[in-house]
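Chains, contacts and geometry: an overview
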Amino acid sequence: MATTPRDRFDDVPADLARVGAHRAPRPAGRGFVAFAWAALATGVLVGAGVLGLGAIEGRISNVGSVPTTPTAAAPTPTVDPNIDVVLLNATTANGLAAGAESMLVKAGWKVGSTANASATDVKATTVYYTTASQAGAAAGLAKSLGITRTALSQQFAVPGQSRLTVVLGADYAAAH
């Protein structure tokens, strides 16, 4: 086995003065600076995430903010059992959509689904329809619910499906 020759680092000096490479003492507050940068970066990322989600939520859940489209003449209310009806409860009242569903089924409508809307602060109940040819059915559905507000909107449109969407608001909850 080969041995390395002795050099000046093999002998410990009597005065214990440092010889060779060594680390300097850590400056005070160095750990705090790293923590401060990490906290700042976390705050910036959380803030950006909250703003991003707020922007996304604003685009998705504007259920009650769709303006109504005025019509030239009031359509004749009709009941069309071939159109699926979607009921969305936009209030905090439990079972509101289920109660409306049973009333509509008795009136001859085909209810495809009921669910809670993404917003729970909608004031006025509205029947949304996607094509002008559905205006009569929308008026009939509104009449079956005891309301008058209808709106032509693509917000709830599903390609290839003929359906009406009812967003139940606080006015309907108060009346039922």
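Calculation rules
Residues numbered from 1 in each chain as written. Predicted model: local features only at pLDDT ≥ 70, side-chain atom pairs only at ≥ 80, totals over all residues. Heavy atoms only, no water. Helix = DSSP H or I, 4+ residues; strand = E, 2+ residues; numbered from the N terminus. Contact = heavy atoms within 4.5 Å. Areas by Shrake-Rupley, 256 points an atom, 1.4 Å probe, with all protein chains shown as cover. Buried < 20%, exposed > 50% of the residue type's maximum accessible area, 1.4 Å probe, protein only. Axes fitted to C-alpha atoms, helices over the stretch in contact; angles between N-to-C directions. Parallel < 35°, antiparallel > 145°, perpendicular 65-115°, else oblique. Left-handed = near helix turned anticlockwise from the far one by under 90°. Nonpolar A, V, L, I, M, F, W, Y, C, P; charged D, E, K, R; others polar. Core = buried A, V, L, I, M, F, W, Y, C linked by side-chain atoms within 4.5 Å. Pairing = 2+ DSSP bridges.

A word on the overall build of the protein
Counting its secondary structure elements, the protein contains four helices and five strands. Counting helices and strands in the order they occur from the N terminus, the protein gives α-β-α-β-β-α-β-β-α. At a minimum sequence separation of 6, the contacts of the protein that also span at least 24 residues come to 78%. Carbon together with sulfur atoms contributes 60% to the accessible area of the protein, which is approximately 11,700 Å² in total.

A word on helix 3 (residues 135–145)
Among the eleven residues that make up helix 3, nine are buried, leaving the element largely enclosed by the rest of the structure. Taken together, the buried positions of helix 3 are Ala135, Gly136, Ala137, Ala138, Ala139, Gly140, Leu141, Ala142 and Leu145. Those residues of helix 3 that are buried lie in contact with strand 1 (84–89), helix 2 (96–106), strand 3 (126–129), strand 4 (150–152), strand 5 (163–168) and helix 4 (170–175). Looking one or two residues past helix 3, Gly146 carries a phi angle of roughly 80°, positive in sign.

Some remarks on the environment of Thr130
Tracing the chain through its elements places Thr130 in the loop between strand 3 and helix 3. Relative accessible area serves as the criterion here: at 14%, Thr130 is assigned to the buried category. Taking the C-alpha atoms as reference points, Thr130 and Ser153, separated by 23 residues in sequence, lie 5.4 Å from one another.

What about the packing of helix 2 against helix 3?
Interaxial distance between helix 2 and helix 3 falls to 10 Å at its minimum, and their mutual angle equals 115°. When the axis of helix 2 is compared with that of helix 3, the two are roughly perpendicular. Judged by the sense of rotation from one axis to the other, the crossing of helix 2 with helix 3 is right-handed. Along the contact surface, helix 2 presents Ala100, Met103 and Leu104, while helix 3 presents Leu141, Ser144 and Leu145. In terms of residue class, the contact of helix 2 with helix 3 is made up of five nonpolar, one polar and no charged.

Side note on the nonpolar core
Note on soluble globular proteins: their nonpolar side chains tend to be buried together. Core analysis: the biggest nonpolar cluster contains 22 residues, and Val127, Leu141, Leu145 and Leu164 have the highest contact counts within it. For this core, the elements supplying multiple residues, two or more each, are strand 1, helix 2, strand 3, helix 3 and strand 5. When residues in this core are grouped by element, the largest group, six residues, is from helix 3. Beyond its immediate sequence surroundings of up to four residues, Leu164 is in contact with Ile83, Asp84, Val85, Val86, Trp109, Val127, Tyr128, Tyr129, Gln134, Ala137, Ala138 and Leu141. Judged by nonpolar contacts, the second largest core, of nine residues, contains Leu88, Ala117, Phe156 and Val167.

Here we look at the sheet that holds strand 2 (residues 110–116)
Across the sheet, five strands lie side by side as 2-1-5-3-4; this open sheet has mixed pairing. Edge positions in the sheet fall to strand 2 and strand 4, since each of these pairs with one other strand and no more. Neighbouring strand axes in the sheet, compared pairwise and without regard to direction, differ in orientation by 20° on average. The strands touched by helix 2 within the sheet are strand 1, strand 2 and strand 5, with strand 1 carrying the most contacts at an inclination of about 155°. Running over the sheet, helix 3 touches strand 1, strand 3, strand 4 and strand 5 and is turned about 160° from strand 3.

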